[in-house]
Amino acid sequence: MLYVFIGNDVARKKSSDFITKVSKSTAVSRVTNVDATDDIRSLTHTGGLFGVDRVRVFDGVLSAEEEKSDILFSAIEELSKAPDIVVLLEEKVLAGPKKMLQKYAKEFFAAEP
């Protein structure tokens, strides 16, 4: 299940509240734009088989260098179907990628214009 939050302070607060709420009985795994490419790749392709195993958070990865963002973009459809809760948090997203995220997200929140 994919949840997308776009914007700065309002989106960050909303995503933090959401993660706190859904992670009460499960682990949270987080990667950011400064994490290694292999860490990002690993988090896009692992998940539970039987319901929510953990909350996976990708913070700023789409705005990272191209190799890292490409890894995440190529896994968006798979992540949207994952039994885990997957959270994407970005400050800004261009119109084309934003449209794709809206297509696959179970919930989409944009605090930016």
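Residues numbered from 1 in each chain as written. Predicted model: local features only at pLDDT ≥ 70, side-chain atom pairs only at ≥ 80, totals over all residues. Heavy atoms only, no water.

(A) The arrangement of helix α2 (residues 37-44) in detail. Of the positions making up α2, those classed as buried are Thr 37, Ile 40, Leu 43 and Thr 44. Across the axial projection of α2, the buried residues extend over an arc of 135°, all falling on one side. In this structure, the buried side of α2 is in contact with β2 (27-32), β3 (54-59), α3 (66-74) and α4 (76-81). (Buried < 20%, exposed > 50% of the residue type's maximum accessible area, 1.4 Å probe, protein only. Helix = DSSP H or I, 4+ residues; strand = E, 2+ residues; numbered from the N terminus. Arc of directions from axis to C-beta. Contact = heavy atoms within 4.5 Å.)

(B) Main features of α3. By the burial criterion, the buried members of α3 are Lys 68, Ser 69, Ile 71 and Leu 72. Take α3 and look down its axis: the buried residues cluster within an arc of 150°, on one side only. For α3, exposure combined with an orientation more than 90 degrees from the buried face picks out Glu 66 and Ser 74. Next to the buried residues of α3 lie α2, β3, α4 and β4 (85-90).

(C) Quick peek at the nonpolar core. Formed by 19 residues in total, the largest nonpolar core has its most connected members in Leu 2, Val 4, Phe 58, Leu 72, Leu 88 and Leu 101. Breaking this core down by element, the ones donating at least two residues are β1 (2-6), α2, α3, α4 and β4. Leave out the neighbours within four places in its chain, and Leu 101 touches Val 4, Leu 62, Ile 76, Leu 88, Val 93 and Phe 108. Listed in part, the 11 residues of the second largest apolar core include Phe 5, Val 55, Val 57 and Ile 85. (Core = buried A, V, L, I, M, F, W, Y, C linked by side-chain atoms within 4.5 Å.)

(D) Inspection of the environment of Leu 2 at higher detail. Mapped onto the elements of the fold, Leu 2 is located in strand β1. For Leu 2 and Ile 76, which are 74 residues apart along the polypeptide, the C-alpha to C-alpha distance reads 8.3 Å. With sequence-adjacent residues up to four places away left out, Leu 2 is seen in contact with Ile 76, Leu 79, Ser 80, Val 86, Leu 88, Tyr 104, Ala 105, Lys 106 and Glu 107.

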